[in-house]
Every structure is written in structure tokens, then in C-alpha cells.
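The residues making up each chain are set out below.
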Amino acid sequence: MTDYPIALWSFNLGKAPASVDALADEIGAGMARAKSSGAKLLMLPEYLVECCLAFKPQGLRPDQEMAFLADTGLELISRIAPLATDYGISLLAGTMPVKSATGITNTAILFTADGREIRQDKLCLTPFEQSADTWMLTPGNSLTVFQLDGLKMAILICLDVEMPALSSLLAKQELDLLLVPSMTEKLSGYHRVYGCAKARAIEHMCAVAVCGVIGAAKGTTQNESNVSGAALYLPCEEEFGFDGIGAEIKPSNGNLGDDILLNVNVPIQKLRRLKNGKAEVWPGAWSAGHVSICVENERIS
């Protein structure tokens, strides 16, 4: 495989669908656009389903929002699950709250063109996501590596990509593509996620695709703004123009009602060539087992 075409859709939550069916239709139209562009994968961002707060029940408290969105998400899944096989391209349907025996997780759901469903829970939650006054989510405890269209991939959700310890778990997996759906309220959050995503591309000698929600959901009690862009990051090598930016659309707050859609080819053949000994300095995965930490004048009580 030479290139792998993907589409990254930083969805505007302000679209305010009137129903689950309306949102499913919107996603279906996005799949049609991605198919026409030649994409093999369409990626949507973290908490896409929050736009369904536009039709939440009257009087719903902030600490009830996740349960409502989890139930709404089940309806949405039933509508959009067939889209991947219908269009013949895979769909990462962003993330949504999912009920489990231990609580509610923030879970990315990938519907593949070959009929599989792959899930990845967010592993490192923000204080807000864990707050008993708001969303009361439960973190996941496993990281999944999977094959899709002959590529090895994984998903790190927003804050997860900022955690080097999680990335280190993937170091020996020789990923081709890392997918990062996100939600960031401010430019500071945007730069944390996107800056760390760029670092992961260097660390793993792989491509990293990032997109996030923009705008604000009608009916939200929490996220009054969302700022994001869309990007494909690559290792900082001469073959890719030195700066590690495969493609990038600058951040927007979505206040003008705009969406962000990035169509880009992941240069798989060049990435694999670099990983197999042609990179400038990349050493490959390494073990830190032989390294010790010495703290000068440390006093242990």
C-alpha cells in the first residue's frame, strides 16, 4: 500500500439536530462525502453525541446528562452501524458515554467496512469528567491495537495522547496510524492535544490523525465553547517537508456555524521505509529497564 486516504471531520456541535434520526442522517451525508473523496476511513471527534443535548428532557440536571447521552447513543449506534458496510468505508463515530457494570465510560466506537465493531475506552479522564457534580465517568483499563485495511492502528482519546506512559505501551507495536478524537474547550487544550499528537508521530515513527468538536451544543450546561482543528502529523523527516505536518487546518471556535473537514493521504509506504532503517535518527522502540533515576540529596523518611 502506498497511501491510505482518510477524512477528518471536526463536527460543529451547534448544528443542534432535532432528533437522533436527524443526527444519523447528518453522519450518513458525511459518509457519502468521504466516499466521494476516496477516503477509506472517516473519523469524527470526541463527544460528538453531546449535540443531542439540543433535545434533552426539560429539567435534566448536569449530573444526569451522561446517562441521557448514553441512552441516546444506543439509538444512534443502531442507526449508523450499517453505514460502514453500506458505503464500504470505515467510520470512527467519535466517542460517546457507554453504560457498563462499573459505571459510564467515554468510549470511541469504530465501525469497520468489513463489518467489525472496535471499541476503545478513554483511559485518563479529566477532573471534570470524573466530577460527582457533573459527568461522573469511569476510566477504561485496556488499550486495544487492531488491524484495519492492512494497517496497524490504535486510538488514544484526547487527554490519553498527552500521557507518555500510555504511548510507551504502544512503542513496540509498530503502529502505522494513531487516531485521536478530541474535545478541547480552549486554545490551551487544543495546543496540548495537538502538540502531544505531533510528539507521538515522532516517537512511534507513524502517522497521527487528530480532530475535535467545535462550537457549543444547544442545551449544554458545561461546555460553552469548543475550539479545535484537524491535522495529520508525521515524523519530522526530510521526506515529509521537515516539520512533521502532513496536513493541518487551524483551530476554530465554530461560532460562524462552520465545519472543519480535512481529506488527506497517509503516506504508509514512506513511513514503513523510514521505520525500517531509512530515518534520520529514529532508534526504534527501546527498553528503559536498564535506566535508573538518581535524585541528588534525596532524603527518604
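Residues numbered from 1 in each chain as written. Predicted model: local features only at pLDDT ≥ 70, side-chain atom pairs only at ≥ 80, totals over all residues. Heavy atoms only, no water.

**Q** Is there a simple way to think about the nonpolar core in this case?
**A** Here is a general trend for soluble globular proteins: nonpolar side chains tend to be buried in one another's company. Core analysis: the biggest nonpolar cluster contains 55 residues, and Tyr4, Ile6, Leu177, Leu178, Leu179, Leu232 and Val266 have the highest contact counts within it. Ala24, Leu91, Ile109 and Leu125 belong to the second largest nonpolar core, which has 42 residues in total. (Core = buried A, V, L, I, M, F, W, Y, C linked by side-chain atoms within 4.5 Å. Buried < 20%, exposed > 50% of the residue type's maximum accessible area, 1.4 Å probe, protein only.)

**Q** What should I look at first to understand the packing of aromatic side chains in this one?
**A** To describe a pair of aromatic rings, you give the distance between the ring centres and the angle between the ring planes. For the structure shown, the criterion picks out 6 aromatic pairs. With 6.4 Å between their ring centres and 90° between their planes, Tyr194 and Tyr233 make a pair best called edge-to-face. Of the two residues, Tyr194 sits in helix 6 (residues 187-204) while Tyr233 sits in strand 10 (residues 228-233), which places them 39 residues apart along the sequence. When its relative accessible area of 3% is taken as the criterion, Tyr233 is described as buried. Of the aromatic side chains, those joined through ring pairs into one cluster are Tyr47, Phe128 and Trp135. Positioned above the aromatic ring of Phe11, the side-chain terminus of Lys15 is 5.6 Å from the ring centre. (Phe/Tyr/Trp six-rings, centres within 6.5 Å; stacked < 30°, edge-to-face > 60°. Helix = DSSP H or I, 4+ residues; strand = E, 2+ residues; numbered from the N terminus. Lys NZ or Arg CZ within 6 Å of the ring centre and 35° of its normal.)

**Q** Is there a simple way to think about the pattern of salt bridges in this case?
**A** Evaluation of the coordinates by the stated rule reveals 15 salt bridges. The partner of Glu46 in a salt bridge is Lys122, with the nearest N and O atoms 3.0 Å apart. A residue pair is termed long-range when its members are at least 10 positions apart, and Glu46 in the loop between strand 2 (41-44) and helix 2 (65-80) and Lys122 in the loop between strand 5 (117-121) and helix 4 (127-130) qualify at 76 residues. Here the two residues Glu46 and Lys122 agree in accessibility, since each one is buried. Measuring nitrogen to oxygen at the nearest pair gives 2.7 Å for the salt bridge that ties Arg200 to Glu203. Note that Arg200 and Glu203 are positioned in helix 6 at a spacing of 3 residues, about one turn of the helix. Judged by its relative accessible area of 8%, Arg200 is buried. The exposure class of Glu203 is partly exposed, given its relative accessible area of 30%. Several salt bridges converge on common partners, so that one network encompasses Lys15, Glu26 and Asp259. (Salt bridge = Lys/Arg side-chain N within 4 Å of Asp/Glu carboxyl O.)

**Q** Help me out: how do you make sense of the sheet that holds strand 5 in this one?
**A** Sheets are built from strands paired through backbone hydrogen bonds, the pairs being either parallel or antiparallel. Sheet architecture is open: 6 strands sit in the order 5-4-3-2-1-12, paired in mixed fashion. Sheet topology places strand 5 and strand 12 (260-266) at the edges, where each strand pairs with a single neighbour. On average, each strand axis in the sheet is inclined to that of its neighbour by 30°, with strand direction left out of account. In this sheet, strand 4 (residues 103-111) lies alongside strand 3 (residues 90-100) in antiparallel orientation, the contact comprising 8 bridges. For Ser100, the partnering residue across the bridge sits in strand 4 and is Gly103. Relative to the sheet, helix 1 (residues 20-36) contacts strand 1 (4-10), strand 2, strand 3 and strand 12, its axis offset from that of strand 1 by approximately 150°. Where helix 2 meets the sheet, its contacts fall on strand 3, strand 4 and strand 5, and the angle it forms with strand 3 comes to roughly 140°. (Pairing = 2+ DSSP bridges. Axes fitted to C-alpha atoms, helices over the stretch in contact; angles between N-to-C directions. Contact = heavy atoms within 4.5 Å.)

**Q** Would you mind going over unusual backbone geometry with me for this structure?
**A** Glycine aside, the phi torsion of most residues is negative, and most peptide linkages are trans. In this structure, Met205 is a non-glycine residue whose phi angle is positive, near 50°. Taking relative accessible area as the criterion, Met205 reaches 2% and is therefore assigned buried.

**Q** Would you take a moment to explain helix 6 for this structure?
**A** In an α-helix, one full turn covers 3.6 residues, which means residues spaced three or four apart are oriented alike. With 18 residues, helix 6 should reach 26 Å at 1.5 Å per residue; the first-to-last C-alpha distance of 26 Å fits that figure. Turning to helix 6, its buried residues number three or more, namely Gly189, Tyr190, Val193, Tyr194, Ala197, Arg200, Ala201 and His204. In a view along the axis of helix 6, the buried residues occupy a sector of 115°, so they form one face of it. Considering only its buried residues, helix 6 is in contact with helix 5 (164-169), strand 8 (177-182), strand 9 (207-212), strand 10, strand 11 (245-252) and helix 7 (268-278). Downstream of helix 6 by a residue or two, Met205 has a phi angle that is positive, lying close to 50°. (Expected span 1.5 Å × (residues − 1). Arc of directions from axis to C-beta.)

**Q** I'm lost on the sheet that holds strand 9 in this one. Help?
**A** Within the open sheet, the 6 strands sit side by side as 6-7-8-9-10-11. Their pairing is mixed. Each edge of the open sheet is held by one strand with a lone partner, namely strand 6 (145-148) and strand 11. Here the strands of the sheet are splayed against their neighbours by 20° on average, with no regard to which way each runs. Where helix 6 meets the sheet, its contacts fall on strand 8, strand 9, strand 10 and strand 11, and the angle it forms with strand 10 comes to roughly 10°.

**Q** I tried to follow the side chain of Thr95 on my own but got confused; where do I start?
**A** With respect to the helices and strands, the residue Thr95 is situated in strand 3. Judged by its relative accessible area of 0%, Thr95 falls in the buried class. There is a polar contact of 2.9 Å between the side chain of Thr95 and the backbone nitrogen of Tyr47. At a separation of 2.7 Å, a polar atom in the side chain of Thr95 contacts the side chain of Asn106. (Polar contact = N/O pair within 3.5 Å; in protein donor to acceptor, adjacent residues only side chain to side chain.)

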